[in-house]
Structure formats: C-alpha cells, structure tokens
Amino acid sequence: MGGLFDIHNVIAQVYSDRPEAIDCSRESLITSSYRRFQLMRFSIEEINNSTNLLPNVSLGYEIFDHCSNTHNFPGLFKLISVNDWIQPWGVQNKNLSRMSKVIAVVGPFSSTDTTTVAPLFMADLIPLVSYGAASSAFSEKAKFPSFLRTVFSNKAVIEVIVSIIQHFSWRWVAFLNSDDDFGNDGQDMFIKRIKDTEICLAYTKGLNYKTNYSQMFKQIEEQKINIIIVFVPKLTAEALIMSAIQLNITNKVWIAGDTWSLNKRLPKEEGITNIGTVLGVSQPVVSIPGFSDFVYSTKSKDHCDSAEEIMFCNQVCNCSGLSAETVVSVDPSYSFPVYSAVYAIAHALHRVLQCGSDSCKGNTTVYPHMVLAEMKRLKFTLLNQSIEFDEFGDPKFGSYSLVFWNSSGDAVEIGYYKFQPSQHYFINDSKIQWYTDGDVPTALCSHECDVGYAKKQNGIHKCCFNCEICPNGTYINITEDPYECFNCKDTEWSKEGSTSCNLRLVEYIPFTDSWAILIMFGAVAFVGLTLAVSALFAINYNTPVVRSAGGPMCFLILCCLSLCSLSVFFYFGKPTTPSCILRFLPFLLFYTVCLACFVVRSFQIVCIFKIAAKFPKLHSWWMKYHGQWLIITVAFVTQAFLLLVGYTYSPPKPYNETVWYPDKIILGCDIDLKASSISVVLLVFLCSLCFIFSYMGKDLPKNYNEAKAITFCLLLLILTWIIFASEYMLYHGKFIQALNALAVLSSLYCFLLWYFLPKCYIMIFQPHKNTQQHFQGLIQNYTKTISQ
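Okay, so let's go over this structure. (Residues numbered from 1 in each chain as written. Predicted model: local features only at pLDDT ≥ 70, side-chain atom pairs only at ≥ 80, totals over all residues. Heavy atoms only, no water.)

Examining the overall build of the protein
A count of helical and extended segments in the protein gives 22 helices and 26 strands. Here the protein has a C-alpha radius of gyration of 52 Å; the compact-globule value for 788 residues is 28 Å, and the former is much larger. The C-alpha extent of the protein, read off along each of the three principal axes, is 165 × 60 × 55 Å. Here the protein holds 788 residues, and the buried ones make up 50% of them. A separation of at least 24 residues holds for 69% of the contacts in the protein among residues at least 6 apart in sequence. Per element, the accessible surface of the protein, about 38700 Å² overall, is 57% carbon and sulfur. (Helix = DSSP H or I, 4+ residues; strand = E, 2+ residues; numbered from the N terminus. Rg over C-alpha atoms; globule rule 2.2 N^0.38 Å. Buried < 20%, exposed > 50% of the residue type's maximum accessible area, 1.4 Å probe, protein only. Contact = heavy atoms within 4.5 Å. Areas by Shrake-Rupley, 256 points an atom, 1.4 Å probe, with all protein chains shown as cover.)

Below you can see the structure in the form of structure tokens.
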C-alpha cells in the first residue's frame, strides 16, 4: 500500500535550471500532516495484528513525503515502477513483471497535489484514496476512474457554510479562497449555491504567498463587509489571520473552512479576540483507540540511523525533535478520513483474496483494478460508522461539526450538519459569544425596507437597493418578489404602500333606488300623458288646432315619443348586452322619426306662407307626392340601416369603469363611437335642419305659429344635452346613468309639454279659438300686414 503525505511544505516556488527533485526534509514541517502519516502507519499495523481482517496476510507499505506538486516525483515513480523500472506503455520487457507491487495509494492531501498525481495512477486503475482532496472535479469518473475519497467534496462544505449564513440572515459577505484547485473550486461552488438566494458576494480574492493583505483588508473595510468566509488551507489561513491581527482588523465574523477550523495555534494567539468572532466547519473529531499509545511507543524508540532502519521506518525526516505529546495534541482534522481510507483498501483486499475467518485464499494474483472494483461495492462498519462510497467515489458517510472559537482558545462545538440518511442541521446560538456582546452581528448592504416598500436595485448587487413605496393600485409581496410592485386586478384596489389588494365596491343604480323609481315613474307618467293627448287629439281630429299641429302626423310623433321612453327603463339594474342595446336603440331610432316629423312640419309652415307664392311648382309637387311622408320614411330607414350596421359591427356592451375611482367599479355601457357616430350625426343634422326651418317662421301669426313652439322645444332640447355633456365630463359616478336617463326623459317632455299641451289647453279651455272662422281671421290680418 502506498501513502502520500505532505509532511513538509514548500512555501515559495522553486526555480531550477534543470528538472530535479526537491529535498523535502529541508522544508518547514507540518505537524498535523506528520500526525496523519503516523496514523496510516498505526492503521496498517492494527490491521496486520488483526485476526478478523486479512488473517495471516501482512500488508506492506511505502509512504512518501509529497511536499511539492511539481518537484516531488521520485516517490510517485517508485510506487508505479515495476521492479524499480518505469515501463513505457506499449513496450513489453520479458524480464519485467507487468504489474507494479502497489495495489492502492492513500493520499495525497490537497486538491492541487491530487490533480498532478492522479493521472499517473488512473491509467492502470490503481485506486487513489484521498483523505483531503475536496475539489468537485474529482467526481468526474471519465477523468478520474480510480479516484475515491473519504472526505466530502467542496459542494458539501459550501452547503454548510451557506446554511450558517442563512441561519443568521447575513447578506453581505466576502469570500477569500486559496489561489489553487481547491480554493477556486470552492469559490465556483459558492457562487453557484448563492445564485437563487438573498446572499450577495461583495468581495472575493484568491490568496497566495504574494497577496498584499493590507490592500485587501482596506478594500473589505471600504465596502463595509463584516462576514468573511475563509476557504483556504491551514498555512494560508495562519498567514491571513496573523495579518489581520497585525493590521488591527476588528469587528468581523470569520467563517473557517474544514481545513483550519480546528487549528490549535491560532485560537491562542495574542490579539485573536480583537479580530471578531470565528465560526468554523469541521469534521467531527473521532477518537482513534490505541493511536496515542502507538505514538508514545514510536517516539520512545531511537531515531532511525542505519540504512536498514531507514528502510523499516520508511522515512527521512527532520522530525526527531517532535515529542509524542505534540503529535497527539496537534490539530486532529482528517484523522478519521486517513483511518477509514486504509481500512477501506484492506476490506477490499480481504474480498479479493476471498478471506475467511482464519485464512485467505493463497496463490491469488491481486491486480489494482480488482481492489478498485471491490471498493466500489464496499459497505462495512468502522468505529460505529458505516463506510460506503457512491457512484462518484465520494463518501456516503460522515457529517460536519459547527465550531466556535471561545475566549479560552478552544474550538467549542455549537452544532452539526448531517447529510445521511437525510440532511439535518442544528446550531445552538446560545453557545456563541459575539464580539457585539450579545446581539448577532448584521451583514447588510442596505437595510430592509419598511412594509409597503419595494426594493429598487442600486448597482450590480441585489443586496444594495433603495426603498420606494408602492403607489395606489399596486401592492408588494416580499415572499414572491421584494423588488416589484404588483398591479392589482381590475376588480381590486389598494392604497399607497399596501401589501395586498381589496375588492372594489361595485356600483350601479338598481331598480329599487329612489332616483330610478322617480325617473321610471316620470317615464310611465309620460306614456300616460301621451295616451291622453292622443285621445284628446283623436276627439278633436277635424278641428283647426289639430290640423295646424300636424294632423295625422301628431299621432306618429306621440307614438314615437312613447316608444322612445322605453329607453329610460334600461338605464337601471346591472348592465347586460341586451340592456345596453335597448338603452340607446329605441331613443336613437324613434327620436329620429320625431325630429323628421318636426323638420317636415317646420318646412310645411314656411312653405305655406312664404315659399308657395314664390315656388308654386315646388309646392304642387310636394302636395302631389306627399313629400313629408317620403322624407320621414327616408329618415327612418336610413337611421335603422345605420343602427343595424353599427350594432352588428360593435354593439354596446357592459363596461367596468375603473379609472376615475380607485376603490370602486362603476358598471355602465360602452359605446363604440366609430360605430354609432353616423347615427348621432343624423340626429344632430335633423335637429339643426328643424331649427333652421322653424326659426325662419318665427314671425308667423301668433295663434298659428307652430314654428315658435318648435323653436322653443329645440332650444330646451339643446340646453338639456349641453347640461348633460358638462356633467358627463365632470362626474363619472354611478348617478351618471340616472342623469342620462333624465336627459332622455327631458328630451321627450320638451315636445310634449311645449308643443302638444298648449294645443290641448286651447281645445279644453278656449274652444272659441279652435274654429275655422278664428283661424281665417288670423290669416287675413297677417296677409294685410305683409301687403302693407
């Protein structure tokens, strides 16, 4: 079994004129990695001493110090060599065995090291079981078919970090990552994870040994960022935190990744409490039984001096000065991942060798791909945890602890995050001692808006915004979209700054309304009066007053006026399409006939007294062909045709008025002006023509002057509709329908009261004026006056 541990670390880049290996023992020692290296040795010795796992089979191992990802390949070649020879692909040497002696490798630790090393093992499907490489790229089996790991990928760690941020409602954060495969992958995962959340990445920086921490912290301070996520290896984290202490960076919340959250040195540094509060994500500390005794027994022996002892120790190390107490008490992170990686390989080998309770099958040639196949199917229990890998080679076991660095310099567990069998998350807030002395620190670019206000993004970050109150007719629903004021439906309304809409009050004039009853009573009374007038005119049909009023034409006028009154009844109640049509159709159609009758009547009066003498032929033609009835018929047919075409194209229909009153819906009827305009123009034309003819006869005899009565009626008619038009422009409430009905009724009463009732008065109270002699006398006096 092979092992790769970064026991030493090359801090600065190494430059050389030719390819050469680096001497790792001259570099700085990483005590926690040395501890993990000893843990692998302990695990293998424990397995070799076991009677249940690989009975009567001894595992050998070679462990190399992988201190550099670019200058540390001799150990790798040693592992994949065949009898200390590197066999080129496609070249076969009869004197060499075709298989290297290594069956699997534990390590390396970092993602960058793994990216460099992995291709050498993937080609021959040698299982590479990493205990620390967390980059999500290694889950791609097409590129890394024999890679497995006993730690979660960056995706899982980022999920825990985001959960912490959301738990405390932080929005404005910085993300500092190492400028390598591990850190850059973590940054990518974080950006993807917060895409659909309210978290904004205000600042990000890739850290390396050249980073200017002073300038970086200055930028963080300028943006008022209080939450700093530090996703870096242990050594980079130490450099970062020490710089923060030296630069007097205060009042921050630091979220540590699992690589340095259990660091033993930093929590005890002088001034560490000044930088703020440190929270972290860590792997649970699992106590490995017997490991401490192993370290003490190992350290009690003399350091390896002879060549034979060096081979046995399998290390060249400047670590003789390390005491057992130092090794045992150092950062315990990644201990169980190393332990479980060794045991996973051993269990897979146990299956390949078809081991029983006391022995394994002999004379079995073990190939690495056989071990790999069994590892993918593994499921065993180790220290009360079920060890198993998914189809991507990632672990299906384990959890994360959430820790807080207290004032005593200890990492105290404050919660946990479990992935299997389902996600479960918990934080005990009471265990956290914030730098604010009680209150949870805030991390906002802009403070939340008051109720009824919508956010208007200010800049590129959605966390930075201005607050604008939602106007009338809109509302804000922060659970759906806090950045938009939604329009209320047409049937709803809202005040300024509302969070919901209210139903509008639907208004129309019902038949039971007092105004409706009064106006309908007026229409019924009008019909009764027209019937009475018609009866009186029928009784006095052959009298001069009836003949001067129009004779048979009077009955047509009275009948059409009565039919016009039908329109009044359809202005009340809830509008429907039929009621909207009948609201206008009877009045427009039959009032056209009335006006046509008065036009020809006015024309006849003028013709009799003025035109007959000057144009006798025209008068004779008019009398011969009954020109008055022809004009009335043409007017009626024309208006009927126009109404039929217009209403077929676009009939009046119910309409909800929602513009003028924000809290009401006024029910009315909508008329298409284009479709109805010609019908109205015809009415206006007849009214104008009637007015002209009647005005021309204003100086006719007093008792025979029908033109004056018609002129007065027309003036009242015009005045009525001018008043209604003014009201319609100023008022848009429900009573506009009543005013419209009143205008129609007034238009009918104009002719009934001022044209027909005066004649009824003469017939009833002044019958002496309703004689042939009286009218002839008036005509003779008028003729003498004109001749003079």
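Thoughts on the state of the cysteines
Scanning the entire structure with this criterion turns up eight disulfides. The residue that forms a disulfide with cysteine 24 is cysteine 67, at a sulfur-sulfur distance of 2.0 Å. Every disulfide takes its handedness from the sign of the S-S torsion; for cysteine 24 and cysteine 67 that torsion is -70 degrees, giving left-handed. Linking cysteine 24 in the loop between β2 (8–9) and β3 (28–29) with cysteine 67 in the loop between β4 (62–65) and α2 (74–80), this pair joins segments that are 43 residues apart in sequence. You'll find cysteine 24 and cysteine 67 in the same group, each marked buried. (Disulfide = S-S within 2.5 Å.)

Focus: the packing of helix α19 (residues 673–696) against helix α20 (residues 706–730)
Helix packing geometry: the angle between the two helix axes and the distance between the axes. Orientation of α19 relative to α20, taken along the N-to-C sense of each, is 145 degrees, at an axis distance of 8 Å. As for the relative orientation of α19 and α20, their crossing is left-handed in sense. Packed against α19, whose contacting residues are Cys687, Cys690, Phe691, Ser694 and Tyr695, the element α20 presents Ala707, Ile710, Thr711, Leu714, Leu715, Leu717 and Ile718 at the interface. Looking at the contact of α19 with α20 residue by residue, the classes come out as ten nonpolar, two polar and no charged. (Axes fitted to C-alpha atoms, helices over the stretch in contact; angles between N-to-C directions. Left-handed = near helix turned anticlockwise from the far one by under 90°. Nonpolar A, V, L, I, M, F, W, Y, C, P; charged D, E, K, R; others polar.)

Points about the pairing of strand β12 (residues 276–282)
In terms of burial, β12 is a largely internal element, seven of the seven residues being buried. In the sheet, β12 pairs with strand β15 (residues 399–405) via four bridges, with the strands oriented antiparallel. Across the sheet, residue glycine 280 finds its bridge partner in β15, namely valine 403. (Pairing = 2+ DSSP bridges.)

Concerning the sheet that holds strand β25 (residues 653–657)
Here we have three strands laid out as an open sheet, ordered β24-β26-β25, and mixed in their pairing. For this open sheet the edge positions go to β24 (505–507) and β25, each flanked by a neighbour on one side alone. Averaged over all neighbouring strand pairs, the angle between strand axes comes to 30 degrees, with direction disregarded. Pairing of β24 with strand β26 (residues 664–670) involves three bridges; the strand directions are parallel. Across the sheet, the residue bridging to valine 506 is isoleucine 665, located in β26.

Describing the sheet that holds strand β17 (residues 424–427)
One open sheet holds the eight strands; their spatial order is β9-β8-β10-β11-β12-β15-β16-β17, and the pairing between them is mixed. Each having just a single partner strand, β9 (200–207) and β17 make up the two edges of the open sheet. Each adjacent strand pair in this sheet contributes to an overall mean axis angle of 20 degrees, direction not counted. The strands that helix α4 (residues 154–167) touches are β8 (172–178), β10 (227–231), β11 (252–256), β12, β15, β16 (411–418) and β17; relative to β10, the one it contacts most, it runs at about 165 degrees. Contacting β8, β9, β10 and β11, helix α7 (residues 234–246) crosses the sheet at an angle of about 170 degrees to β11.

Considerations on α4
With 14 residues, α4 should reach 20 Å at 1.5 Å per residue; the first-to-last C-alpha distance of 20 Å fits that figure. For α4, the buried fraction is high: eleven of the 14 residues fall into the buried class. Listed in full, the buried residues belonging to α4 are Asn154, Ala156, Val157, Ile158, Glu159, Val160, Ile161, Val162, Ser163, Ile164 and Ile165. A positive backbone phi angle near 60 degrees is found at serine 169, which sits one or two residues after α4. (Expected span 1.5 Å × (residues − 1).)

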